[in-house]
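So you can see what is in the structure, the chains are spelled out below.
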Amino acid sequence: MPRDTYSKRSLGTLSRRLKESRVLLVGAGGIGCELLKNLLLSGFGEIHIIDLDTIDLSNLNRQFLFRFEHIKKSKALVAKEVAQKFQPSAKLEAYHANIKDSRFNVDWFATFDVVFNALDNLEARRHVNRMCLAADVPLIESGTTGFNGQVQVIKKGQTECYDCNSKEVPKSFPVCTIRSTPSQPIHCIVWAKSYLFPSSELFGTSEDETPELDSTEDANNAEEIANLRKEAQALKEIRESMGSPEFAHKVFTKVFKEDIDRLRGMEDMWKTRKAPEPLEFEKIQEEASSIEPIVSCNDQKVWTLAEDWVVFKDSLDRLSKRLKTLLDATKSDVKPILVFDKDDVDTLDFVTASANLRATIFGIEPKSKFDTKQMAGNIIPAIATTNAMTAGLCVLQAFKVLKDDYAHAKMVFLERSGARAINSDSLKPPNPNCPVCSVAQARVKIDPERATINDLVQDVLRLQLGYGEELSVSNELGTIYDPDLEDNLTKKLSELGVSNESLITIIDEEDEQPRVNLELVVLTEKSESSTGEQKPIALVKVPEIPRKPRAPTPTVSEHVNGTSDPNKRKRNAEEAGLTNGENRSKRLASISVADGDGSNPIVLDETEGGAILIDD
């Protein structure tokens, strides 16, 4: 009996459509492994798999296509090899690559009937969402968090896209709390991961602007930032002794004794809280004389103070040797650095031990290496059952997409609490103010050796498309032109990060009913004319750019600060700039990006019961 006998009976004529389909699976992790198996067993004929990661030991408990012998190998390539056994007649293509590579352009995306997202990071999800919209290919977005899961069907012009609603921004911690008054294990872990490990004085580059450290120059943080920089300078001098027997002693004494003594000297700070207790290197060294570094292999145990000391010293030595090897091998002027990776044993050992030593100083509960990995990596442990259910729901939604039955496609949720484990909602229409999907699109050809920002603004946007003075031009690097950023006008587009198949966004900033955003797909084409008669930039086809809808006039039934409809209230907040969306102050001047103040306003949300909740 053929393998597809039962699927043909269940799916009828759709089974032939599945066999002829060509689909893309982005991500071969927890959801991706389950989804690949489901797609093959359901009868999908051609599947392309792309994943940048390699297999790690921690993946094996839930990514069932992988075995111990596959560790350090490409997820995409191994997934193809192993999954092929489920359906030998299917065509599988695997790419060990980044989905953001230029070869995976809009035309490439357009060759697929459906794209499945099985990713674990926001930036890549947004990129795939944008590319599918540009290629007009349906996208099935999915994700899990512990026992919760979600599947969303996205189709240009018919449904909300991934960016129609704002996404939660990773939590940041005030520098003053991280440096001077930690009170929770996460404070110590962020300190070790985002300050001590990557600081330019040890293994990386300065992390004053890390997302986890809220370094806003306000009254509370300004002094602490200055103190951090002083401490950094002191560590820079200690770095000169890297590789010597005294290196660990000097780092330990500086970080866990001298800096703590300085904090204790601020007597006003400790009137209402217990002062930190500095550590003595020699004293702990005596206690740790019989402990072997192998103790770090036990990642479920909370190490003792002496064990933390041993792991700190040993991991510092391992990292120092790695960095020295890189420095000796490099021939460029750019010095190599080490980067924290939750799956890297050396960096995780260092962060765990350092965080626990600091926790001991401040009387905070230390954490095991396993717990530190979850917290440092912002990870909620994955549940294999949730991944399997989510992958199954993706395939069910794909059936509706391939039948062009978007009226019955759903947004599906998995929830551990509540009367039902699986809940669904009808797909919402696109947000008319979404900066990603509610846009006009066009293609533009440029000569990369000649085209400048001025050519784009004057010849294309103003002369051909009729834009006024108030507009801005941005790409993935940030804003590269607006009326206050004219220094870039003479620069070539290629100098500002514009390349073949990259996207340029034009924002009309006129006060009176501006046009929707215009998204230009760049096609580079070197001019054959040596006389320069051919224009360096030209539209492939003049697009129609509609105006943004006028904001509705508030009615009597609406609240003063919003509307009774929570979706509309959310969108109104986005329009007013109150949500954590893209910050317009992110700019690129002279090929450099300057961050905005990063402040997050507090939004008052009125509930049905009349109570006011402060959502920070």
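Residues numbered from 1 in each chain as written. Predicted model: local features only at pLDDT ≥ 70, side-chain atom pairs only at ≥ 80, totals over all residues. Heavy atoms only, no water.

An unreviewed UniProt entry annotates the protein chain as Ubiquitin-activating enzyme E1-like of Aspergillus pseudotamarii. Under the UniProt heading Pathway (unreviewed entry), the entry covering the protein chain gives this text: "Protein modification; protein sumoylation." Under the heading Subunit (unreviewed entry), UniProt records this for the protein chain: "Heterodimer." (UniProt positions renumbered as here; feature names shortened; annotations may be inferred.)

Visitor: Can you break down the sheet that holds strand S2 (residues 46-50) residue by residue, with the values?
Guide: Strand order in the open sheet formed by 8 strands is S3-S2-S1-S4-S5-S6-S9-S10, and the pairing between neighbours is mixed. Only two strands of the sheet have a single partner each, and these edge strands are strand S3 (91-95) and strand S10 (422-426). Sheet twist, expressed as the mean angle between neighbouring strand axes with direction ignored, is 15 degrees. With 5 bridges joining them, strand S1 (residues 22-26) and S2 adopt parallel strand pairing. (Pairing = 2+ DSSP bridges. Helix = DSSP H or I, 4+ residues; strand = E, 2+ residues; numbered from the N terminus. Axes fitted to C-alpha atoms, helices over the stretch in contact; angles between N-to-C directions.)

Visitor: Which residues make up the environment of Gly363, and what values do they have?
Guide: Among the structural elements, Gly363 can be located in the loop between helix H13 (345-361) and helix H14 (369-376). You can call Gly363 exposed: its relative accessible area is 63%. The sequence separation of Gly363 and Glu277 amounts to 86 residues, and the corresponding C-alpha distance is 8.4 Å. (Buried < 20%, exposed > 50% of the residue type's maximum accessible area, 1.4 Å probe, protein only.)

Visitor: Summarise the packing of helix H10 (residues 247-264) against helix H12 (residues 305-329); cite the residues concerned and give the values.
Guide: Contact geometry of H10 with H12 gives a least axis separation of 10 Å together with a crossing angle of 120 degrees. Between H10 and H12, the angle is such that the two are oblique. As H10 packs across H12, the resulting crossing turns out to be right-handed. Contact residues: Phe247, Ala248, Val251, Phe252 and Phe256 in H10; Trp309, Phe312, Lys313, Leu316 and Ser320 in H12. Along the lines of polarity and charge, the residues of the contact of H10 with H12 split into 8 nonpolar, 1 polar and 1 charged. (Parallel < 35°, antiparallel > 145°, perpendicular 65-115°, else oblique. Left-handed = near helix turned anticlockwise from the far one by under 90°. Contact = heavy atoms within 4.5 Å. Nonpolar A, V, L, I, M, F, W, Y, C, P; charged D, E, K, R; others polar.)

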